[in-house]
Amino acid sequence: MIFKRFLPVFLLTGLLLTTIVGVSAQEATEPAFVNVRHLSPDAPAVDVFANDDLLLEAVEYPQLTGYLEVEPGEYDITIAPAGEGSENAVLGPLPLTFEAGHYYQVIAIGQLEDDSLQPLFIDQTAELQALDIPPGEYPYMLLHAVAGGPAVDLYLEGEVVAGDVDFGDYAFITTEPGFDRELAVTPAGTSGELLAQINDLALLPEYRVISVIGTADDLSISPPSADFIPFANKIEWLKFYTENPPAEGAAFETLLTALQTAGIGDALEGEETIVLVAPLDLAFSEISEADLNELLENETALQALLNYHVMERDLLPITPGETLFYPTLEGSELSFTLPQNGENVIINEQIPIIGTIQTLNGGINIISAVLVPPEQQ
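Residues numbered from 1 in each chain as written. Predicted model: local features only at pLDDT ≥ 70, side-chain atom pairs only at ≥ 80, totals over all residues. Heavy atoms only, no water.

Looking at helix H2 (residues 234-243)
And then number 1: Taken together, the buried positions of H2 are Lys234, Ile235, Trp237, Leu238, Phe240 and Tyr241.
And then number 2: The residue sitting at the N-terminus of H2 and contributing the capping side-chain oxygen is Asn233; that oxygen lies 3.1 Å from the backbone nitrogen of Ile235. (Buried < 20%, exposed > 50% of the residue type's maximum accessible area, 1.4 Å probe, protein only. Helix = DSSP H or I, 4+ residues; strand = E, 2+ residues; numbered from the N terminus. Polar contact = N/O pair within 3.5 Å; in protein donor to acceptor, adjacent residues only side chain to side chain.)

See below:
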């Protein structure tokens, strides 16, 4: 499905970019989230200030910043060339308002050379709430950031999914997620002339932005932004990787079966934020078939083991050499240690976290071994 809108635009005459720090932010239990992307190829790096306080430093093309948490409220922003200080601001103060729980993005598009440079401000949460997204599909946004370039059509697996997207426009598409998808961009109304193509695109169950970037003479596709808005819950993510395993044993079929058998799966689909430590099928393969079947038939023992993998709060940032302890739903604690070398966090001094997923209702930490609660050891 296709949803096309025209982005609200705040025009600049000098440099670029906007983001956050407020002069009258209200206290709130839930923050707003804002990130910034520099998609103007001939514009210099910039610093972003709030009331003369440096917020972001030397944002360069085609950099995407992570989401910054801010208190909801009204904000005044000033922008200056990198290293020149807020007193040399070329923009601002620019008043922006951020709502609790909403995700926002500020994107610089166009070029300095032809005075087309301009920032776009998007309330991503409001846009996503306005979409009618079919079950099993997820939204992705195509943004055209190149002034002077032709309007474009977006092809997914050879089919047009967004048409006639011009500079400053964007279009939402919804599609089923999957790996090794083929994405192509052509001038609008033509299928023969290829402007840009990605042959091994991973479309994951989350919202991401795909951008047409570069110059009018040299267009390219920026892969889906690495910073994203969580859109799927834990069970949806586990099912996705079970149906699309990136490697042998890298699915969660056994975990999903165990969660369903123990009656815990519904909690992982709810709105409450919890953290799941998720053993891969590879981990369960280390348990004999007889022992695994016995565990699946013992509801009390199975619930205790699975609850030992669940915590009711997100993990805090951890520094090298530090160990943090978190209570599990089983009642015992898990320890999380970051080695001095700063590599993978280790659970219970033995089991490294080999991957993480941020879901709609908290994080998933992927491991290749099954955690055993103290009472079952």
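Further notes follow.
Observations concerning the packing of aromatic side chains
And then number 1: Inspection of every chain in the model, using the stated rule, returns 15 aromatic pairs.
And then number 2: Here Tyr104 and Phe121 contribute two aromatic rings whose centre-to-centre distance is 5.5 Å and whose plane-to-plane angle is 0°, an arrangement assigned as stacked. Of this pair, Tyr104 sits in strand E8 (residues 103-109) while Phe121 sits in strand E9 (residues 118-123), placing them 17 residues apart in sequence.
And then number 3: Measuring from centroid to centroid gives 5.1 Å for Phe240 and Tyr241, while their planes differ by 70°, and the two rings are edge-to-face.
And then number 4: Residue Tyr241 is classed as buried on the basis of its relative accessible area of 14%.
And then number 5: One aromatic cluster is present, formed by Tyr75, Phe98, Tyr104 and Phe121 through successive ring pairs. (Phe/Tyr/Trp six-rings, centres within 6.5 Å; stacked < 30°, edge-to-face > 60°.)

Describing the environment of Ser225
And then number 1: Summarising the element assignment, Ser225 is placed in the loop between strand E17 (218-222) and H2.
And then number 2: In this structure, Ser225 is in contact with Arg37, Leu64, Arg208 and Val209, ignoring residues within four places of it in sequence. (Contact = heavy atoms within 4.5 Å.)

Let's talk about the sheet that holds strand E19 (residues 310-311)
And then number 1: Sheet architecture is open: 4 strands sit in the order E19-E18-E25-E24, paired in mixed fashion. Of all the strands in the sheet, just E19 and strand E24 (355-359) have a single pairing partner and so form its edges. (Pairing = 2+ DSSP bridges.)

As for a negative patch on the surface
And then number 1: A contiguous patch of negative charge, built from Asp42, Glu113, Asp114 and Asp115, is present on the exposed surface.
And then number 2: Mapped onto the elements, Asp114 comes out in the loop between E8 and E9. (Patch = residues over 30% accessible without salt bridge, like charges linked within 9 Å, V, L, I, M, F, W, Y side chains within 5 Å. Areas by Shrake-Rupley, 256 points an atom, 1.4 Å probe, with all protein chains shown as cover. Salt bridge = Lys/Arg side-chain N within 4 Å of Asp/Glu carboxyl O. Lys, Arg positive; Asp, Glu negative; His and termini not counted. Charge placed at Lys NZ, Arg CZ, Asp CG, Glu CD.)

Here's the deal with helix H3 (residues 253-262)
And then number 1: Within H3, burial applies to Thr254, Leu255, Leu256, Ala258, Leu259 and Ala262.
And then number 2: At its buried positions, H3 is contacted by H2, helix H4 (265-269), strand E18 (275-279), helix H5 (281-284), helix H6 (289-297) and helix H7 (299-307).
And then number 3: Of the residues one or two after H3, Gly263 is the one with positive phi, at around 75°.

Quick notes on the pattern of salt bridges
And then number 1: Tallied over the full model, the rule gives 2 salt bridges.
And then number 2: The salt bridge partner of Glu157 is Arg181, with a shortest N-O separation of 3.0 Å. Of this pair, Glu157 sits in the loop between strand E11 (152-156) and strand E12 (159-165) while Arg181 sits in strand E14 (residues 178-187); the two residues are 24 residues apart in sequence, bridging distant segments of the chain.
And then number 3: We classify Arg181 as buried; its relative accessible area is 13%.

A short note on the pairing of strand E20 (residues 323-327)
A regular strand places its side chains so that they alternate between the two faces of the sheet.
And then number 1: What you see with E20 is a clean split: Leu324 and Tyr326 sit on the buried side and Thr323, Phe325 and Pro327 on the side with no burial.
And then number 2: For E20 and strand E21 (residues 333-337), the ladder comprises 5 bridges, and the chain directions are antiparallel. Pairing of Phe325 across the sheet is with Ser335, part of E21.
And then number 3: What sits between E20 and E21 in their antiparallel hairpin is a turn of 5 residues, with Gly331 showing a positive phi close to 115°.

What about the side chain of Gln118?
And then number 1: Mapped onto the fold, Gln118 is located in strand E9.
And then number 2: Side-chain polar atoms of Gln118 contact the backbone oxygen of Ser116, separated by 3.1 Å.

Some words on the packing of H3 against H7
And then number 1: Packing of H3 against H7 leaves a shortest axis separation of 9 Å and a crossing angle of 120°. In this view, H3 runs oblique relative to H7, as classed from their interaxial angle. Considering how the two elements wind past one another, H3 and H7 form a crossing that is left-handed. Where H3 approaches H7, its residues Leu255, Ala258, Leu259, Thr261 and Ala262 are matched on the opposing element by Leu302, Gln303 and Leu306.
And then number 2: Partitioning the contact of H3 with H7 into residue classes produces 6 nonpolar, 2 polar and no charged. (Axes fitted to C-alpha atoms, helices over the stretch in contact; angles between N-to-C directions. Parallel < 35°, antiparallel > 145°, perpendicular 65-115°, else oblique. Left-handed = near helix turned anticlockwise from the far one by under 90°. Nonpolar A, V, L, I, M, F, W, Y, C, P; charged D, E, K, R; others polar.)

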